[in-house]
Amino acid sequence: MTTEQQGVTWKQVLADKMPAHLAEEIDTFENQMALRMQDKLDEKVFAELRLRRGAYGQRYDNGYRHDGERSQAIPFPQPELTKGPDTKWQAPGMQRIKLPYGGMTAEQMDVLADIAEEYSDCIIHITTRQDIQLHFLRMEDIPDMHRRLASVGITTREACGNSVRNVTACPLAGVCRDEVFDVTGYANETAQYFLGHKDVQDFGRKFKIAFSGCQQHPCGLTSMHDLGLIAKKAVVDGEEKEGFEMYVGGGLGAVPFLAKLFDEFVLPEELLPLSQAIARVYARLGEKKNRNKARIKFLVSKLGIDEFRRLVKEERKTIENDPEWTNWLNNIRSYEEKPAPEPLTKGESIDLGDAANDFQRWKESNVYYQRQAGFVSVTLALPLGDLTAQQMRDLSNIVRKFTPGAARTTVEQNILLRWIHEADLPALYLALKAISLHEAGAESIIDITACPGTDTCKLGISSSRGLAAELRQRLAEKEWQYDVSLRDIRIKASGCFNSCSQHTVAEIGFYGASRLVGQRRVPHFQLVLGGEWGNNAAQYGQGLGVIPSKRVPDVVEFLIDMYLSERQDGEKFSAFVHRIGKKTIRERVKPFAAIPDYETNKEFYRDWADSREYTIGDIGIGECAGEVVTLTDFGVAKAESIYFDATLLLEEQPMNGNVKAAADKALEAMLKAAHGLLKVCDIDISEDPAVIVQSFRTNFYDTRLFFDPFAKGKFASYLFKGYEQRDEVITLDRAREIIEESRLFIEAAHECNARMLQSGITSPAGFKKWLVDREMQTV
Amino acid sequence: MNPERFCVKFFATPDTQVENEAIFIDIFQDWIKHRKLDGVLLDVADYSHVPSGPGVMLVAYETNYAMDHGDGQFGLYAQRKVAAEGSQQERILSLLKSTIAFGKLLESDSRVDVKLEGHKFLYISNDRLNAPNTDEAFAAVKGDLEAIATQLYPHQTVTVTRLENDPRARLTAVVEAQTPVSLEALAA
Ligand code: HEM
Ligand code: SF4
């Protein structure tokens with residue numbers, strides 16, 4: 001809490017600096033904390049209040065941590081105190097700090113540096129949605145930290161929770177050579193309008209908005225957002241006007257969706273009312289109970305875009321006029337930044353000395369020539385999105401000196417400095433070099449994006465950050481960041497299928513998975529190829545199979561070598577993947593999937609940057625060893641190859657007929673996996689789909705044996721839905737969706753199989769015994 | 001004034017060279033597993049990819065210990081997060097003791113060759129509200145640091161000086177005894 005015993009508090013000191021409504025919200029939260037400490041506020045309710053303020057839990061906060069051999073209880077001094085169900089109050093947590101459009105002023109940077117030092121671990125992490133995250137925080141420090149942020153106009157409100165998340169925008173907005181117009185102000189006004197708005201408090205799930213200045217570049221990633229807006233000009237009543245092309249229902253996550261065109265042209269004055277109408281329809285009709293079906297993409301897909309649009313337009317008519325829809329429009333130009341008229345180093349000659357060569361390389365990869373002649377923007381390539389508090393503080397000085405006073409975060413986990421006089425580049429380079437922020441290769445193959453993964457995320461399966469650090473080092477040794485033919489290749493790694501690193505839109509993507517080998521777990525990554533970062537991330541990649549974590553760097557090198565030697569003139573990586581074909585690539589990377597046994601090489605049984613023997617004990621329930629059966633393994637393995645065939649069908653041209661065939665194959669793959677699992681209950685289980693579905697429901701769904709510790713029955717529902725809809729007309733989108741669902745179902749079947757093996761459910765007798773034990777427990 | 005949050009840092013000897021800092025991950029994981037130190041040991045955070053950063057860190061409930069490269073100087077940094085009992089002097093001494101214990105354990109680990117200088121350490125206030133980077137705040141802690149130094153370095157001349165740094169940075173004091181002392185000797 002506040003340090004009241006010592007007289008002066010941040011609350012008093014900052015009273016005049018905090019906007020009143022922010023100050024009040026923080027006081028309220030502090031009171032809620034006090035109530036929770038006295039057990040006068042339910043832990044579930046408190047957890048939601050905490051999340052709405054962006055204060056997340058972190059790995060191990062259930063009070064257990066696996067040490068490689070066993071799960072140990074963490075001896076917190078007051079284990080009875082909780083900040084949510086199964087969440088220890090005293091366990092460190094994470095804070096997400098919202099930065100609309102990624103903008104931060106020098107003053108804000110100073111405060112971020114201060115709080116990272118005082119309350120966190122001196123590290124500031126930039127996220128894939130232009131936010132900032134601090135880790136290992138104490139609950140008691142949260143209110144003061146929020147006050148200090150509020151004093152410089154930053155709120156963490158709705159940084160998490162089922163509401164409007166950070167509104168993102170191209171970091172180059174306002175200076176981009178290709179943009180139609182600057183979207184900065186629109187992004188910020190949208191963020192401010194919806195912050196705490198009554199119509200966005202009752203969503204079934206989070207709602208993400210992104211703005212993009214143009215169609216062709218990915219910076220805004222509008223295709224993968226719940227609401228995407230692309231700047232556009234059109235002639236209305238004989239006059240050219242600025243406006244937006246509006247998209248809804250995109251999203252990554254386990255089952256990725258590309259957004260649908262909602263409106264070809266929305267005038268600025270209609271931007272907020274129409275978005276509000278969308279929010280209202282979503283709040284009213286969106287799924288609330290089943291979290292896994294609650295994103296707006298599911299609603300749009302269920303209703304169809306035409307019906308959804310009709311409902312929104314109806315809704316729009318009923319909303320009472322709100323002056324805040326438009327009262328900011330006249331000031332939109334105030335978002336324009338005013339650079340210093342003259343270069344800082346005008347008339348000086350800067351001697352780069354030994355740094356001249358490195359400066360040249362840096363200039364080639366990290367500098368962007370702005371639309372405004374004589375000005376450039378500079379990207380600071382942050383390793384894994386991290387910088388120290390000290391670097392941030394020193395950087396704020398650089399920002400004050402060389403720019404109009406603000407910088408932006410990027411979705412590639414970097415920082416962008418804008419409005420630099422080109423003539424100042426040598427001086428800027430030296431200033432950045434003095435604080436080690438001068439690394440070349442921004443947005444190159446070594447500038448890898450990674451989600452927090454097993455480092456701090458509770459859902460992490462594999463170490464995405466450990467992998468990214470390793471890849472970064474290995475690829476940099478090859479100097480691939482300077483290779484112009486690799487310029488367009490991005491690598492992104494997520495710790496699990498939730499896609500927080502946005503791996504689905506990378507040329508080379510990975511997400512964490514685990515496999516049982518012998519009696520041990522081996523960390524893996526699913527290889528995802530064919531994604532496209534260009535065109536606002538218009539193409540999602542697909543899985544090619546899992547690779548043991550420790551072989552992933554070899555696979556990346558292999559793929560790049562293959563590309564460099566076999567590509568055709570001017571062929572981009574994604575086109576190359578497409579031409580060679582996923583099937584061939586899959587065959588060629590297959591040798592990398594082999595895993596030596598434990599005695600031969602224990603390294604495979606540990607994850608990157610972690611010396612503990614690998615387990616998934618920290619995500620699910622603890623594990624115990626069991627023996628191995630394989631009938632199910634065979635079934636699930638077969639299912640994998642049927643799934644893969646399904647993905648290939650969608651790639652074939654012409655598409656005619658393949659869409660339905662692909663969906664059928666995806667269903668067949670799920671049935672095969674289910675059939676494999678059912679062998680445990682009945683070795684002679686029929687191949688009849690109806691029997692499989694029925695028997696799966698009884699034995700694996702109703703008994704919850706197939707339930708994922710977090711996603712619960714979500715994966716099983718994919719099979720049921722696929723089967724129920726087997727005779728329906730299949731659109732291309734639905735085919736893509738069922739293919740993704742099939743992959744997740746198979747992944748869940750692997751997990752279920754591993755759980756069964758480890759609980760001794762390896763035969764009909766074992767299964768019966770488990771059922772009986774289970775009933776005894778529930779009686 | 002008795003701040004709860006502050007840090008200390010001991011520097012590595014000039015001849016300490018750690019080729020592969022990943023070894024700290026192994027060591028700290030082992031310590032957590034076998035509960036080798038007092039306190040509630042929680043996790044290992046690897047920041048070795050960040051230049052001049054905190055390196056590899058052992059996170060405990062009370063304190064973060066990091067093999068830190070801050071300001072380009074390698075050493076053992078300890079950040080106290082939770083108030084300990086007692087006066088300011090007792091609190092600082094308590095963090096010094098646990099940091100010395102940490103350092104001693106590390107020096108005795110055969111997997112890595114790290115030696116720390118015992119005769120000098122930084123005291124860093126980590127609370128800009130109660131101990132800002134000002135002369136007054138320095139004066140308020142100087143006496144306690146001198147008293148601690150007398151205990152740690154009996155019969156030695158000790159200086160306690162305020163580090164001249166960025167006014168926005170944290171108040172930092174350098175405590176230095178005249179002649180070298182090993183960490184081993186400090187622990188005794
Ligand atoms: C406590 C740790 C976290 C949990 C439990 C979590 C959970 C999830 C889940 C369940 C999804 C899938 C949502 C859906 O589409 O239905 C998701 C997606 C996503 N998360 Fe996280 N996440 C965590 C941390 C993070 C972090 C640290 C970031 C980085 C900023 C992040 C950024 C994203 C992004 C960009 C997506 C893609 C969704 C989209 O834009 O449509 N998440 N996360
Ligand atoms: S992708 Fe998975 S592991 Fe990574 S942050 Fe998201 S939920 Fe966590």
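Residues numbered from 1 in each chain as written. Chains lettered and ligands numbered in written order. Predicted model: local features only at pLDDT ≥ 70, side-chain atom pairs only at ≥ 80, totals over all residues. Heavy atoms only, no water.

What follows deals with the sheet that holds strand S15 (residues 367-369) of chain A. Residues and elements named next belong to chain A. The strand order across the open sheet built from five strands is S7-S18-S19-S16-S15, with neighbouring strands paired in antiparallel fashion. One side of each edge strand has no neighbouring strand; the edge strands of this open sheet are strand S7 (103-105) and S15. With strand direction ignored, the average angle separating the axes of adjacent strands in the sheet is 30°. Note that S7 and strand S18 (residues 406-409) share three bridges and pair antiparallel. For Met104, the partnering residue across the bridge sits in S18 and is Ala407. The strands touched by helix H10 (residues 356-366) within the sheet are S15 and strand S16 (375-380), with S15 carrying the most contacts at an inclination of about 55°. (Pairing = 2+ DSSP bridges. Helix = DSSP H or I, 4+ residues; strand = E, 2+ residues; numbered from the N terminus. Axes fitted to C-alpha atoms, helices over the stretch in contact; angles between N-to-C directions. Contact = heavy atoms within 4.5 Å.)

Moving on, we get to the site of ligand 2. Neighbouring ligand 2 are Cys451(A), Pro452(A), Gly453(A), Cys457(A), Leu459(A), Gly460(A), Ser494(A), Gly495(A), Cys496(A), Asn498(A), Ser499(A) and Cys500(A). Its residues assigned to classes, the shell around ligand 2 shows six nonpolar, six polar and no charged. (Near = heavy atom within 4 Å. Nonpolar A, V, L, I, M, F, W, Y, C, P; charged D, E, K, R; others polar.)

Moving on: the sheet that holds strand S12 (residues 227-236) of chain A. Residues and elements named next belong to chain A. With mixed pairing, five strands are arranged side by side in an open sheet as S10-S11-S12-S13-S14. Looking along the sheet, the strands with just one partner apiece sit at the ends: strand S10 (164-169) and strand S14 (260-266). Ignoring which end each strand starts from, the neighbouring axes of this sheet average 25° apart. As paired elements, strand S11 (residues 207-212) and S12 share four bridges and run parallel to each other. Bridge pairing in S12 places Ala210 opposite Gly228. Across the sheet, helix H9 (residues 305-318) touches strand S13 (239-248) and S14, and the angle it forms with S14 is around 45°.

Right, let's get into the interface of chain A and chain B. Taken residue by residue, the interface counts 50 residues in chain A and 41 residues in chain B. By the criterion of area lost to chain B, the three top residues of chain A are Glu118(A), Phe136(A) and Arg138(A), representing 15% of everything that side buries. Counting across the chain A and chain B interface gives eight salt bridges. Note that Asp114(A) and Arg128(B) form a salt bridge whose closest N and O atoms lie 3.3 Å from each other. Here chain A is connected to chain B by 23 residue pairs in polar contact (both at pLDDT 80 or more). Looking at the side of chain A that touches chain B, the elements that each hand over two or more residues are helix H1 (10-13), strand S3 (71-73), helix H4 (106-119), strand S17 (386-388) and helix H11 (389-402) of chain A. Among the elements that take part in the side of chain A that touches chain B, H11(A) stands out by supplying six residues, more than any other. Partitioning the side of chain A that touches chain B into residue classes produces 18 nonpolar, 13 polar and 19 charged. (Buried area = accessible area lost by both parts, 1.4 Å probe. Salt bridge = Lys/Arg side-chain N within 4 Å of Asp/Glu carboxyl O. Polar contact = N/O pair within 3.5 Å; in protein donor to acceptor, adjacent residues only side chain to side chain.)

All names here are of chain A. Tracing the backbone through its elements, the reader meets Val152 in the loop between helix H5 (142-150) and S10. The sequence separation of Val152 and Gln108 amounts to 44 residues, and the corresponding C-alpha distance is 5.8 Å. Beyond its immediate sequence surroundings of up to four residues, Val152 is in contact with Glu107, Gln108 and Val111.

Bringing H5(A) into the picture now. Residues and elements named next belong to chain A. Of all nine residues in H5, nine are buried, a share of seventy percent or more. Among the residues of H5, those classed as buried are Ile142, Pro143, Asp144, Met145, His146, Arg147, Arg148, Leu149 and Ala150. If you follow the buried residues of H5, they end up packed against H1, helix H2 (20-37), strand S6 (93-97), H4 and strand S9 (132-137). (Buried < 20%, exposed > 50% of the residue type's maximum accessible area, 1.4 Å probe, protein only.)

Turning our eyes to something else, we now look at the site of ligand 1. All names here are of chain A. Near ligand 1, the surroundings consist of 22 residues, among which Thr127, Gln133, Leu252, Arg295 and Cys500 are the closest. Take Lys206: an N or O atom from its side chain is 3.5 Å from a nitrogen atom of ligand 1. A distance of 2.7 Å is found between an oxygen atom of ligand 1 and a side-chain nitrogen or oxygen belonging to Arg295. Class assignment of the residues belonging to the shell around ligand 1 gives a composition of seven nonpolar, eight polar and seven charged.

Once that is clear, we can look at the domain arrangement of chain A. Residue and element names in this part refer to chain A. Taken domain by domain, chain A consists of domain 1 (10-150), domain 2 (175-335), domain 3 (353-434), domain 4 (448-584) and domain 5 (622-779). Computed over C-alpha atoms only, the centres of domain 1 and domain 3 are separated by 30 Å. Listed as interface residues are 25 residues of domain 1 and, on the opposing side, 24 residues of domain 3. Together, the buried faces of domain 1 and domain 3 total about 1,900 Å²; carbon and sulfur atoms form 58% of this surface. Sorting the residues of domain 1 by area buried against domain 3 places Met104, Met109 and Ile126 first, and these three jointly supply 29% of that buried surface. For Arg393, the salt bridge goes to Glu117, with nearest N and O atoms at 2.9 Å. Breaking the side of domain 1 that touches domain 3 down by element, the ones donating at least two residues are S7, H4 and strand S8 (123-126). No other element matches the nine residues that H4 contributes to the side of domain 1 that touches domain 3. When the residues that make up the side of domain 1 that touches domain 3 are grouped by side-chain class, the tally is 13 nonpolar, seven polar and five charged. (Domains from an automatic or database assignment.)

We now examine the coordination of the iron atom of ligand 1. Its sole protein donor being Cys500(A) (SG), the iron atom of ligand 1 sits 2.3 Å from that atom. Within the secondary structure, Cys500(A) is located in the loop between strand S21 (491-494) and strand S22 (508-517). (Donors = N, O, S within 2.8 Å, 3.2 Å for Na, K, Ca; no water.)

Residue and element names in this part refer to chain A. As a volume, the second largest pocket reaches approximately 1,200 Å³. Taken together, 49 residues line the second largest pocket, and the ones lying closest to its centre are Phe257, Asp733, Arg734, Arg736 and Glu737. Contributions of two or more residues to the lining of the second largest pocket are made by helix H8 (296-303), helix H16 (573-580), helix H18 (631-651), helix H21 (714-724) and helix H22 (732-758). A class-by-class count of the residues in the lining of the second largest pocket yields 18 nonpolar, 16 polar and 15 charged. (1 Å grid on protein atoms, 1.4 Å probe; cavity = no way out; pocket = protein on both sides within 12 Å on 5 of 7 lines; lining within 4 Å. Points joined across faces, edges and corners; volume = space filled by probe spheres on them.)

Residue and element names in this part refer to chain A. Residue position: Asn658 is located in helix H19 (residues 658-678). A polar contact of 3.4 Å, which involves the side chain of Asn658, links it to the backbone oxygen of Leu649. Filtering out sequence-adjacent residues up to four positions away, Asn658 remains in contact with Leu649, Leu650 and Glu652.

Quick look at the environment of Phe24(B) now. Residues and elements named next belong to chain B. Its place among the elements puts Phe24 in helix H1 (residues 22-33). For the pair Phe24 and Asp38, spaced 14 residues apart in sequence, the C-alpha separation works out to 18 Å. When near neighbours in sequence (up to four residues on either side) are disregarded, Phe24 contacts Val18, Val56, Met67, Phe74, Leu106, Val112 and Val114.

As a further point, take the nonpolar core. All names here are of chain A. Grouped together as the largest cluster of nonpolar side chains are 93 residues, with contacts concentrated most on Phe510, Leu527, Phe696, Phe700 and Phe706. Beyond its immediate sequence surroundings of up to four residues, Phe706 is in contact with Leu677, Phe696, Phe700, Phe715, Ala716, Phe745, Ala748, Ala749, Cys752 and Arg755. Met109, Met145, Phe359 and Ala389 belong to the second largest nonpolar core, which has 64 residues in total. (Core = buried A, V, L, I, M, F, W, Y, C linked by side-chain atoms within 4.5 Å.)

For the rest of this paragraph, the subject is the packing of aromatic side chains. Residue and element names in this part refer to chain A. Applying the stated rule across the entire model yields 42 aromatic pairs over all chains. Geometrically, the ring pair formed by Phe497 and Phe715 is edge-to-face, given 5.7 Å between the ring centres and 90° between the ring planes. Taken together, the residues Phe497 in the loop between S21 and S22 and Phe715 in helix H21 connect sequence positions 218 residues apart. Relative to Phe700, the ring of Phe696 has its centre 5.4 Å away and its plane inclined at 10°; by these criteria the two rings are stacked. With Phe696 and Phe700 both in helix H20 (residues 689-701), this residue pair falls four residues apart, about one helical turn. For the pair shown, Phe696 and Phe700 are each scored as buried. Members of the aromatic cluster, each reached through a chain of ring pairs, are Phe696, Phe700, Tyr701, Phe706, Phe707, Phe720, Phe745, Phe767 and Trp770. (Phe/Tyr/Trp six-rings, centres within 6.5 Å; stacked < 30°, edge-to-face > 60°.)

With that settled, consider the environment of Ile100(B). All names here are of chain B. Looking at where Ile100 falls in the secondary structure, it is placed in helix H2 (residues 88-107). Residues Ile100 and Arg80, 20 residues apart in the sequence, show an inter-C-alpha distance of 14 Å. Apart from the residues within four sequence positions on either side, Ile100 is in contact with Phe10, Leu183, Leu186 and Ala187.

Before going further, it helps to examine the confidence of the model for chain B. Any residue range with low pLDDT should be treated as having predicted coordinates unsuitable for detailed reading. Overall, the prediction assigns chain B a mean pLDDT of 95, with 99% of residues at 70 or greater. Here the complex is predicted with pTM 0.88, and the ipTM for its interfaces comes to 0.98. (pLDDT = per-residue confidence, 0-100.)

Moving on, we get to the confidence of the model for chain A. All names here are of chain A. For chain A, per-residue confidence averages 90 on the pLDDT scale, and 96% of positions sit at 70 or higher. Contacts for the low-pLDDT stretch residues 1-5, under 50 throughout, to residues beyond four places or in other chains number 15 contacts. Taken as a whole, residues 620-629 scores under 50 in pLDDT and shows 21 contacts with residues more than four places along the chain or in a different chain.

Axes are the key here: two packed helices are described by the angle between their axes and the distance separating the axes. All names here are of chain A. With their axes 11 Å apart at the nearest point, helix H15 (residues 552-566) and H16 run at an angle of 85° to one another. Here H16 runs roughly perpendicular to H15, going by the angle between their axes. Along the contact surface, H15 presents Leu559, Ile560, Met562, Tyr563 and Glu566, while H16 presents Phe573, Phe576, Arg579 and Ile580. Of the residues belonging to the contact of H15 with H16, the class tally is seven nonpolar, no polar and two charged. (Parallel < 35°, antiparallel > 145°, perpendicular 65-115°, else oblique.)

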